[in-house]
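# Understanding the architecture of this molecule
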Amino acid sequence: MTKIAFIDAPRATKYWGDGLLNRVESNLVAEALSNLGVDVEIATWYEDNDWEKFSHLIVRTPSDVYFYADEFLSWLESVSAKTKILNTANIIKWNLDKHYLGEFIKAGVNVAPTSYIEVGETFSTNYSDYVVKPVTSGGGANSGRFSQDQVEEARELISRIHNLGVAAIVQPYLTSVDERGEIDLVFFNEVFDHAIIKGPVLKKNVTEEFHEEYHPNPQPYTPSSEEILLAEKAL
């Protein structure tokens, strides 16, 4: 029987509790794969394991990696010599750093205007409503939404982000997220499978180290052909 591992179940921290939701989701997928003759072990990246016994490691939702990126990348490099990782280690590493948005822009993909405030650089903006976040982050962690008269508050957040050793991103806030929602399209092997729509995470004048509700009210969504084409272009 083929044996694979789901890299999941973030460590119990003030951010993610005991990771129960992630394990519930992984258990459902593991059961379905078991019915197809695949043995699945739900594993954590930060605990010792005999990685060579797995034909593949599927990196699912180890959401704590945003807070332990250096440790995770070291583990990723080490384990990639022992078994096959999906997505590939290079793709995972690339995806952890939102500098990739600049690559999308250069490639002609329609992306919200994006500015990078590298460590040590100063910040100013003319946006009336904008977002500041780290280049390595998830779930709205260490992110904030600001108005034009809150430049000092935004600078304070940027300083905190720089103290984490990473650059900050500044983007205009897209009001369509409030009016309509944020859309996620899911592809497998570059083929569209399904989509969801969810509510906004960031609220005005609220900056959190971590937002507990990082996928508010997710619902099934049927994307337009234009939305699918945009996602395909990004891929």
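Residues numbered from 1 in each chain as written. Predicted model: local features only at pLDDT ≥ 70, side-chain atom pairs only at ≥ 80, totals over all residues. Heavy atoms only, no water.

## Quick look at the sheet that holds strand 10 (residues 191-198)
The 3 strands lie next to each other as 9-10-12, forming an open sheet whose pairing is antiparallel. The open sheet is flanked by strand 9 (182-188) and strand 12 (219-220), the only strands paired with a single partner. Sheet strands in contact with helix 7 (residues 225-234) are strand 9 and strand 10, and its direction is about 60 degrees off that of strand 9. (Pairing = 2+ DSSP bridges. Helix = DSSP H or I, 4+ residues; strand = E, 2+ residues; numbered from the N terminus. Contact = heavy atoms within 4.5 Å. Axes fitted to C-alpha atoms, helices over the stretch in contact; angles between N-to-C directions.)

## As for the pairing of strand 8 (residues 168-172)
With 5 of 5 residues buried, strand 8 is to be regarded as a mostly interior element. The two faces of strand 8 match: Ala168, Val170 and Pro172 on one face and Ile169 and Gln171 on the other face are all buried. Bridging between strand 5 (residues 115-117) and strand 8 involves 3 bridges; their strand directions are antiparallel. Bridged to serine 115 within strand 8 is valine 170. (Buried < 20%, exposed > 50% of the residue type's maximum accessible area, 1.4 Å probe, protein only.)

## Some words on the sheet that holds strand 4 (residues 84-86)
The 4 strands are arranged 2-1-3-4 in an open sheet whose pairing can be described as parallel. Here the strands that pair on one side only, and so sit at the sheet edges, are strand 2 (38-43) and strand 4. Adjacent strand axes in the sheet meet at a mean angle of 25 degrees when their direction is disregarded. Two strands pair when backbone bridges link them, and strand 1 (residues 2-7) and strand 3 (residues 56-59) are joined in this way by 4 bridges, in the parallel orientation. Among the inter-strand pairings, phenylalanine 6 is bridged to a residue of strand 3, identified as isoleucine 58.

## Things to note about the pairing of strand 7 (residues 143-147)
Among the 5 residues that make up strand 7, 5 are buried, leaving the element largely enclosed by the rest of the structure. Because side chains alternate across strand 7, one face comprises the buried residues Ser143, Arg145 and Ser147, and the other comprises Gly144 and Phe146, equally buried. Two elements, strand 6 (residues 129-134) and strand 7, share 4 bridges in a ladder whose sense is antiparallel. When the sheet's bridge partners are listed, aspartate 129 is paired in strand 7 with serine 147.

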